Amino acid sequence: MKRIIPAVLAVLLFFGCGEKEVPTPVEITFPSTAPAEPAGTPPQSACPADATPQPVPVKADMEYCTVICDDAVNLRESPSAKAELTAQVPSGTRVHVIGFEGRYAKVELEENGKTGYMIAGYLMPENSVYSASQVQPTALYTYDAMMTDIGALTAKYADIMQVETLGISAAGKEIPVLLLGSKNAEKHVFIQASIHGREHMTSLLAMALSEAWLASGASDTVCFHVAPMVNPDGVSISQGLLDDPSLQAIYEKDVSSDRTERNYEDYRTLWKANYHGVDLNRNFDALWENVNTAPHISSEGYRGDAPESEPEAKALAAYTKRYPFSATVSYHCTGSLIYWQFGLNSPVDDKALTLAELIAADAGYTVEPDDGTSFGGYKDWASSVAGIPSLTVEIGTRSAPLPEIDFYNIWVRNRNAFEIIEKWAKNA
Ligand SMILES: [Zn+2]
């Protein structure tokens with residue numbers, strides 16, 4: 001397997017209401033697959049002016065929004081933090097949303113008809129876009145709230161839903177898996193969220209998608225297995241609900257090796273790892289030895305002493321082998337894009353790319369090939385070792401933890417995901 005490590009990542013440019021560039025991998029060449037184009041990209045023209053991809057049209061209920069932020073949001077000529085800044089749009093401004101493209105929304109300003117791109121996570125829809133009765137939008141979706149919601153959904157949808165246990169977390173929490181549809185269905189798909197603690201918005205999305213799927217009657221042929229919170233301890237640490245001397249000791253290690261200058265509270269809010277200080281998404285047996293690991297246990301980036309050293313990773317791998325999954329989808333937070341590849345495995349890659357493009361075409365996300373810099377992740381293991389077409393879907397427009405307002409564009413862009421996956425899985 002040939003891997004080329006990119007030397008340069010994008011630099012940060014202008015800042016406005018938290019806008020910053022998400023590092024974008026430098027394009028690399030794989031021997032036999034062409035890099036994926038963002039969904040909806042028109043054929044490249046000789047004229048650069050024609051080369052701008054068109055945003056995916058917005059769904060009608062998010063057509064008019066109000067900008068909500070501390071001061072003003074940058075309006076840019078194209079969907080990139082490096083693009084020319086054409087205006088600063090004050091909080092409270094009403095905008096017409098034309099479509100989504102990656103982290104950006106293309107908008108038209110009501111007052112002067114000016115169009116441009118702004119970060120979609122600052123847009124509050126005028127109309128209500130979310131109508132589920134049990135799972136409610138919040139910036140802090142907790143383990144307890146999730147367990148309450150699972151109990152209520154199980155009672156309401158007993159005929160089409162059951163709950164299994166993925167395993168027990170490092171600090172002793174039970175990790176549930178919801179089975180939507182029949183356990184004996186012809187096809188199975190695995191959805192997992194919040195393997196990174198601070199990305200708890202993904203648990204809210206997974207639960208909201210599950211409730212909507214149940215309300216629509218689920219599927220006769222495809223059973224969705226949804227593990228909405230794989231790392232409940234990490235979520236609780238990030239939400240300020242779990243703290244003890246062992247976490248303080250991990251913080252002290254990072255302070256003494258100059259890995260953080262944050263105060264302890266901010267450090268915990270940004271916690272990605274599990275309770276032991278191992279980054280679960282670096283703890284899988286997929287070129288694990290290549291992981292660019294933190295030197296010791298930490299709030300993020302430490303790969304562990306061995307692949308699957310952590311109970312959550314071990315449980316996730318075991319569950320993945322328990323059913324004949326047609327696909328796995330891992331929800332993460334930052335970037336509004338979809339990763340579909342790990343190394344080269346053509347049959348799996350082809351199917352994964354098709355699914356990624358279908359989801360991206362509806363959500364307005366960009367589709368990214370493996371950039372050869374990341375190893376040891378669940379998606380990496382599931383595709384390269386378990387041989388299952390597997391995606392990582394990065395839902396948010398900013399760094400986690402995400403504020404509640406980011407949920408609305410996330411919901412509108414992802415609410416058809418299960419329907420899209422179901423159709424794809426029937427033919428997989
Ligand atoms: Zn993540």
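Before reading on, note that the structure itself is shown above.
Worth saying up front: this structure is predicted, and the values here are computed from it rather than measured.

Draft legend 1. Representation of the overall build of the chain in the model. Summing up its helical and strand segments, the chain has 10 helices and 16 strands in all. Expressed as a percentage of the 428 residues in the chain, the buried residues total 52%. Counting contacts in the chain only where the partners sit at least 6 residues apart, residues at least 24 apart contribute 74% of the total.

Draft legend 2. Representation of the sheet that holds strand β10 (residues 174–180). The strand order across the open sheet formed by 8 strands is β9-β10-β12-β11-β13-β16-β14-β15, and the pairing between neighbours is mixed. The open sheet is flanked by β9 (161–168) and β15 (366–368), the only strands paired with a single partner. Across this sheet, the average inter-strand angle for adjacent strands is 25°, counted without regard to direction. With 3 bridges connecting them, strand β14 (residues 337–339) and β15 associate as parallel partners. Bridge assignment links Ile338 to a residue of β15, and that residue is Val367. Against the sheet, helix α6 (residues 311–322) makes contact with β9, β10, β11 (187–193) and β13 (325–334), and its axis sits at roughly 135° relative to β9, the strand it touches most.

Draft legend 3. Inspection of the environment of Phe325 at higher detail. Topologically, Phe325 is positioned in strand β13. Phe325 sits 61 residues away from Ala386 along the chain, and the two C-alpha atoms are 9.7 Å apart. Apart from residues no more than four positions distant in its own chain, Phe325 is found in contact with His188, Val189, Phe190, Thr320 and Ile388.

Draft legend 4. Up close: the nonpolar core. Ranked by size, the top nonpolar core spans 118 residues in total, and within it Met118, Leu205 and Ile338 carry the most contacts. In terms of residue count, the dominant contributor to this core is helix α2 (residues 201–215) (9 residues).

Draft legend 5. Structural detail: the environment of Asp285. Here Asp285 is to be found in the loop between α5 (264–269) and α6. Asp285 sits 96 residues away from Trp381 along the chain, and the two C-alpha atoms are 6.1 Å apart. Asp285 has contacts with Pro307, Glu308, Trp381 and Val385, leaving out every residue within four places of it along the chain.

Draft legend 6. Quick peek at helix α4 (residues 245–256). Given a rise of 1.5 Å per residue, 12 residues ought to cover 16 Å, and the 16 Å separating the end C-alpha atoms of α4 matches this to within 8%. Those residues of α4 lying buried are Leu247, Ile250, Tyr251 and Asp254. Along the axis of α4, the buried residues cluster in a sector spanning 100°; they form a single face. Pointing more than 90 degrees away from the buried face of α4 are the exposed residues Pro245, Ser246, Ala249, Glu252 and Ser256. Where the residues of α4 are buried, they touch α3 (232–238) and α5. Positive backbone phi, at 60°, marks Asp258, one or two positions downstream of α4.

Draft legend 7. View of the packing of helix α7 (residues 346–363) against helix α10 (residues 417–426). The geometry of α7 relative to α10 is characterised by a closest axis approach of 10 Å and an angle of 150° between their N-to-C directions. The orientation of α7 with respect to α10, classified from their angle, is roughly antiparallel. Of the two possible hands of crossing, α7 and α10 adopt the one that is right-handed. For the pair formed by α7 and α10, the contact residues are Thr354, Leu355, Leu358, Ile359 and Asp362 on the first element and Ala417, Ile420, Ile421 and Trp424 on the second. Looking at the contact of α7 with α10 residue by residue, the class counts come to 7 nonpolar, 1 polar and 1 charged.

Thresholds, definitions, all that
Residues numbered from 1 in each chain as written. Predicted model: local features only at pLDDT ≥ 70, side-chain atom pairs only at ≥ 80, totals over all residues. Helix = DSSP H or I, 4+ residues; strand = E, 2+ residues; numbered from the N terminus. Buried ≥ 20, exposed ≤ 12 C-beta atoms within 10 Å, placed from the backbone. Contact = placed C-beta atoms within 7 Å. Pairing = 2+ DSSP bridges. Axes fitted to C-alpha atoms, helices over the stretch in contact; angles between N-to-C directions. Core = buried A, V, L, I, M, F, W, Y, C linked by C-beta atoms within 7 Å. Expected span 1.5 Å × (residues − 1). Arc of directions from axis to C-beta. Parallel < 35°, antiparallel > 145°, perpendicular 65-115°, else oblique. Left-handed = near helix turned anticlockwise from the far one by under 90°. Nonpolar A, V, L, I, M, F, W, Y, C, P; charged D, E, K, R; others polar.

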